[in-house]
Amino acid sequence: MNKVWNDELDARLRELWPRHKSAEIAEMMGMTQVAIQSRAKRLGLQKDRDFRGFWSPEEIEFFREHYPNTKNDELAEMLGRQESQVIGMAQRMRLKKSKEFWKHINSLPNAGKFGHRPAWNKGMKGLLLGSGTSRFKPSNIPHNEKYDGAITIRWEQVTGRPIVMYRLARKKWIPYSHHVFASYYGEIPKGMIIRHRNGNRLDFRLENLELVTKRQNYLKNSPSLNLSDGFVASTMLGKGKMPNREEVKKVLLETPELIETKRSIINLKRLCQPK
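Residues numbered from 1 in each chain as written. Predicted model: local features only at pLDDT ≥ 70, side-chain atom pairs only at ≥ 80, totals over all residues. Heavy atoms only, no water.

Enquirer: Describe the overall build of the chain, with residues and values.
Expert: Along its length, the chain carries 13 helices and 5 strands. The contacts in the chain between residues at least 6 apart in sequence include a share of 37% that link residues at least 24 apart. A total accessible area of about 21400 Å² is found for the chain, and carbon and sulfur atoms account for 54% of it. (Helix = DSSP H or I, 4+ residues; strand = E, 2+ residues; numbered from the N terminus. Contact = heavy atoms within 4.5 Å. Areas by Shrake-Rupley, 256 points an atom, 1.4 Å probe, with all protein chains shown as cover.)

Following this line, the structure appears as C-alpha cells:
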C-alpha cells in the first residue's frame with residue numbers, strides 16, 4: 001500500500017537525502033525511488049557538496065568546457081572522479097567529443113577503427129586454425145535438421161500464441177493450416193490466408209478452416225469492431241491516467257455482467273449513429 005507523505009516522513013527524508021542515494025533512501029523508507037526523488041524535488045532538497053554523486057556548478061562548468069577535447073580518463077583524474085562518472089555525466093548533459101578530438105585520436109600511431117590497436121587477424125582472410133577435424137564441412141547438414149513434411153510448433157514472440165508449421169522443403173515452411181486446406185481444395189490464391197473459425201489455432205478440421213483475405217481477417221479479429229472483452233473494459237476505464245489501471249481492468253474482466261451491459265450500450269450507440 002502506498003504511503004502518504006506527512007511531517008514525520010518529510011523530516012526523515014530531509015535527514016537522509018544529503019548523504020544517501022535515492023535508491024538507498026527508498027529501501028530504508030519502504031517507498032519507490034520515483035516517489036523519493038519527486039518529493040525531494042518538491043521540498044527543494046540538495047545533496048551535500050562532499051557527497052560522491054554531487055557536482056558543484058564550478059565542476060559542471062569545467063566539465064562542459066573540457067569534455068569535448070579531453071580523454072575521459074584524463075578528465076576523471078582532473079576532477080578526482082571515476083571514469084564511469086565522467087561518461088554518465090556526459091550522457092546526462094548530452095555532450096559529445098569534438099571533430100578535432102577524433103581527428104587527433106585517429107592520427108595516432110596504430111590507431112584502428114575501434115581504438116588504438118588494430119585487429120589481431122587483420123590481413124589474414126582465410127586463416128585456418130587447428131586441425132580442422134571439428135570444423136563444419138561445406139554444405140554440412142546438422143544432424144537434427146527436420147525432414148520435408150515435418151510438423152513443428154513455434155511460439156509468436158509478441159502474443160506468445162502457438163503456430164503449427166509444416167516443412168515443404170529446406171528453409172521453406174508454411175502454416176500447417178495452409179497445407180491442410182491446400183491438400184483438399186488446391187493451391188491457395190495469392191493474397192489469401194487461412195483463418196480458424198473458432199479461434200483455436202490447433203484445430204485443423206476442414207470445417208474450422210476458412211479462406212479469407214487479409215482485410216477480412218483483420219475485420220473479423222478487430223477488437224474495436226467485435227467489441228472484445230478487453231476492448232470494452234478499456235472503454236469503460238477511458239483514456240485518462242488512472243492509478244492501478246491494470247488491476248481495475250482485471251476486476252472488470254472478472255465481472256461479465258458489467259462487460260455485457262457496456263457492450264450493449266456501445267452497440268446501441270452505433271445503431272443510433274447516422275451512416
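Enquirer: How would you summarise helix 3 (residues 33-43) if you had to cite specific residues and measurements?
Expert: Inspection of helix 3 places Ile36, Arg39 and Ala40 among the buried residues, and these make up the whole buried set. All buried residues of helix 3 fall inside an arc of 100° around its axis, so they share one side. Opposite the buried face of helix 3, by more than 90 degrees, sit the exposed residues Val34, Lys41 and Arg42. On its buried face, helix 3 sits against helix 1 (7-16) and helix 2 (22-29). (Buried < 20%, exposed > 50% of the residue type's maximum accessible area, 1.4 Å probe, protein only. Arc of directions from axis to C-beta.)

Enquirer: Could you give an account of the pairing of strand 3 (residues 172-175), naming the residues involved and the relevant values?
Expert: Strand direction decides the pairing type here: strand 2 (residues 162-169) and strand 3, joined by 4 bridges, are antiparallel. What sits directly across from Arg167, in strand 3, is Trp173. From the end of strand 2 to the start of strand 3, which pair antiparallel, there are 2 residues, and Lys171 there has a positive phi angle of about 65°. (Pairing = 2+ DSSP bridges.)

Enquirer: Go over a nonpolar patch on the surface with me, naming the residues and quoting the values.
Expert: Side chains of Ile153, Trp155 and Leu202 sit close together on the surface and give an oily, nonpolar patch of about 350 Å² of accessible area. For Leu202, the location among the structural elements is in the loop between strand 4 (192-196) and strand 5 (209-213). (Patch = residues over 30% accessible without salt bridge, like charges linked within 9 Å, V, L, I, M, F, W, Y side chains within 5 Å. Salt bridge = Lys/Arg side-chain N within 4 Å of Asp/Glu carboxyl O.)

Enquirer: How would you sum up the packing of aromatic side chains? Please name residues and give values.
Expert: Using the criterion set out here, one finds 5 aromatic pairs in the structure. A ring pair is formed by Tyr166 and Tyr176, whose centres lie 6.2 Å apart and whose planes are at 40°; its orientation type is tilted. Note that Tyr166 is positioned in strand 2 and Tyr176 in helix 8 (residues 176-185), a separation of 10 residues in sequence. Ring plane angle 85° and centroid distance 4.9 Å describe the contact between Tyr176 and Phe204, whose orientation is recorded as edge-to-face. Taken as a pair, Tyr176 in helix 8 and Phe204 in the loop between strand 4 and strand 5 lie far apart in primary sequence, 28 residues in all. (Phe/Tyr/Trp six-rings, centres within 6.5 Å; stacked < 30°, edge-to-face > 60°.)

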